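Fold and geometry: a report
Spelled out, the chains give:
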Amino acid sequence: MIELSACSAVAAMQAGEFSAETYAGALLTQIEAGQDLNAFITVEPDLVREAARVADRLRAAGKPLGRLHGLPIPIKDSVNTQDLRTTAGTRALANFRPTADATAVTRLRAAGASVLGKTNLHELSFGWTSNNLAFGAIRNPYDLSRIPGGSSGGTAAAVAARMAPLGVAEDTQGSIRVPAALCGICGFRPTTGRYPNDGTAPITPLFDQIGSHARAVEDLTLFDAVMTDDHRPIPPAKLRGLRLGVARGYYFAGLDPEVEHGMEEVFTRLRTAGVVLVEADIPGLADLVAQTTGPVQIHDAAASLAAYLRTSAAPVGFEELMDAVSPDVMAVFERFVLPGAPFAISEAAYAAARDVHRPALQRLFATHFAQHGLAAMLFPATMTPATLIGEAETVFIRGADVPFQTAIARNISPGSTAGLPGIVLPAGLTRDTRLPLGFELDAPAGVDRSLLGIALAIEALIAPMPGPELAANIRRQLRAQTAI
């Protein structure tokens, strides 16, 4: 059961092939067996089982069943849930229980889903490692010594390790897409504003966006249907003649050789299927990203967090939150975010980033897509596979030290800054270390369903992603226990 997609699991429960309670029990057993990943901050098995029994009673009574009937879904612990605490990965909120669900959670429950648990994350979503000093580091299911990516590392690790087929993540600057790439799963960040973001610990309303992690694109489309109440089928795109942009000057410079090799393998499969790869750089892209991405987040973070604490009726205010934050995150806030920080953003610089540079970046992308007739752009999500836990300053690539932020965030930053929909698909494993590789497709704003259709078609071309050895080991342990 744990290998099933969300679509297949829901269909089986709706048909009575197995009960929701049996399915929930299988996922809970997998979570228990994979505790070393530290993917979850909070799991309440009794609540999960009771929700499953409610789903089973609905089916037994012949009641209408939702699109997510009986499906337990892990929720990133920055998204409010009224029946489980919401910590945002930080000590000051360790016992915070919101009075209401975030709207996204409300929609999931209305469709028949339940909350499987709250997943661990990079503290306050302020980083890409998920090396959380308050609740412990999350570990990559393919190599426990390595990061899963962040900030939604717990959801990605749980989905990759077969603890759930579909999970809720959130992305401001790569927090869905980086973990998806490093954990070998799919991740979808929709056009900014496509899904409701209320009740989520924020960084900036200009970039923040709830999205999803899954092992199959069909599950991302299921999530999209529930979030948008648009249940029309999404057909796979026709690949022959499909034009995908390849901007080597920005997205492909200085890649780790394994990432480069993985992308060439993807290119070969796409060309064989008739996809037209359009090589065209995007002049001025790097400058506009530098003038927009960091300044907006630095400026908005403190005010956005303070507003979230007030509107969610949290037990602490912003100053008390900062008093208990871990040293690594505090160091970032002291340098950039807090009043009087040496690298704080002035109101004039922020206004320029918001009102001049970001619109210019959006126009640049719109023009690039239109001039070259592109359905989407294609590029490696990160410059490197997953790094070792604790190595967050530099990454050694091609004989040189590359800043960690550049290696992880350079490629995912433009899309989220411009508000574009982006989807990450797995591209197999590295040849030596057997670590996941991932590539991203970004499309024009608002064409989310078309992008999902493209992803459905491309997914069928790519060799199936081998599951992590951790998941295989857990399955062997469970079989042995059953035999006994």
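The notes below deal with the structure included here. In this text, all values refer to a predicted model and were calculated from it rather than measured experimentally.

Further remarks concern the packing of helix α7 (residues 217-228) against helix α16 (residues 448-459). Put simply, α7 and α16 touch, their axes get as near as 9 Å, and they point 160 degrees apart. Here α7 is positioned roughly antiparallel relative to α16, judged by the angle of their axes. Seen along the crossing, α7 lies across α16 with a hand that is left-handed. Of the residues in α16, those touching α7 at V217, E218, L220, T221 and D224 are R449, L452, A455, L456 and E459. Within the contact of α7 with α16, the residues separate by chemical class into five nonpolar, one polar and four charged.

Our next topic: the pairing of strand β9 (residues 243-246). With four bridges connecting them, β9 and strand β10 (residues 276-279) associate as parallel partners. Looking at the pairing, G245 lines up with V278 of β10. Where β9 lies against strand β11 (residues 376-380), two bridges are found, and the strand directions are parallel. Residue pairing in the sheet places L244 in a bridge with A376 of β11.

A few words on the pattern of salt bridges. Scanning all chains against the criterion turns up 21 salt bridges. Its salt-bridge partner being R177, residue E440 comes within 3.0 Å of it at the nearest N-O pair. Within this pair, whereas E440 is found in strand β15 (residues 436-442), its partner R177 is found in helix α6 (residues 177-183), the two being separated by 263 residues in sequence. For the pair formed by E440 and R177, the shared burial category is buried. The salt bridge involving R449 is made with D230; its shortest N-O contact spans 3.7 Å. Taken as a pair, R449 in helix α16 and D230 in the loop between α7 and β9 lie far apart in primary sequence, 219 residues in all. Residue R449 shares its accessibility class with D230, and that shared class is buried. One connected set of salt bridges, linked through shared partners, spans E21, E50, R53 and R57.

Here we take up the environment of G150. Tracing the chain through its elements places G150 in the loop between β5 (136-137) and α5 (153-160). Distance in space between the C-alpha atoms of G150 and E170 is 9.8 Å, their sequence separation being 20 residues.

A104, V105 and L108 are the residues of helix α4 (residues 103-110) that are buried. Each buried residue of α4 lies within a common arc of 95 degrees when the element is viewed along its axis, so the set occupies one face. On the buried face of α4, the contacting elements are β2 (72-76), β3 (114-119), β6 (166-171), β8 (209-214) and α7. Trailing α4 by a residue or two, G112 shows a phi angle of about 105 degrees, which is positive.

So, about helix α1 (residues 6-15). All of the buried residues in α1 are A6, A9, V10, A12 and M13. When α1 is viewed along its axis, its buried side chains cluster within an angular range of 160 degrees and face the same direction. Structurally, α1 contributes buried residues whose contacts are with α2 (20-33), α3 (45-60), β6 and α7. Where α1 ends, the next residue or the one after it, G16, has phi of about 80 degrees, a positive value.

Cis geometry marks the peptide bond from G150 to S151; its omega dihedral reads 10 degrees. With respect to the helices, strands and loops of the structure, S151 is situated in the loop between β5 and α5. The backbone of L124 shows a phi angle near 55 degrees, a positive value even though the residue is not glycine. With respect to the helices and strands, the residue L124 is situated in the loop between β3 and β4 (131-132). Since its relative accessible area comes to 4%, L124 is described here as buried. Unlike most non-glycine residues, S125 shows phi in positive territory, near 65 degrees.

Cut-offs and rules
- Residues numbered from 1 in each chain as written.
- Predicted model: local features only at pLDDT ≥ 70, side-chain atom pairs only at ≥ 80, totals over all residues.
- Heavy atoms only, no water.
- Axes fitted to C-alpha atoms, helices over the stretch in contact; angles between N-to-C directions.
- Helix = DSSP H or I, 4+ residues; strand = E, 2+ residues; numbered from the N terminus.
- Parallel < 35°, antiparallel > 145°, perpendicular 65-115°, else oblique.
- Left-handed = near helix turned anticlockwise from the far one by under 90°.
- Contact = heavy atoms within 4.5 Å.
- Nonpolar A, V, L, I, M, F, W, Y, C, P; charged D, E, K, R; others polar.
- Pairing = 2+ DSSP bridges.
- Salt bridge = Lys/Arg side-chain N within 4 Å of Asp/Glu carboxyl O.
- Buried < 20%, exposed > 50% of the residue type's maximum accessible area, 1.4 Å probe, protein only.
- Arc of directions from axis to C-beta.

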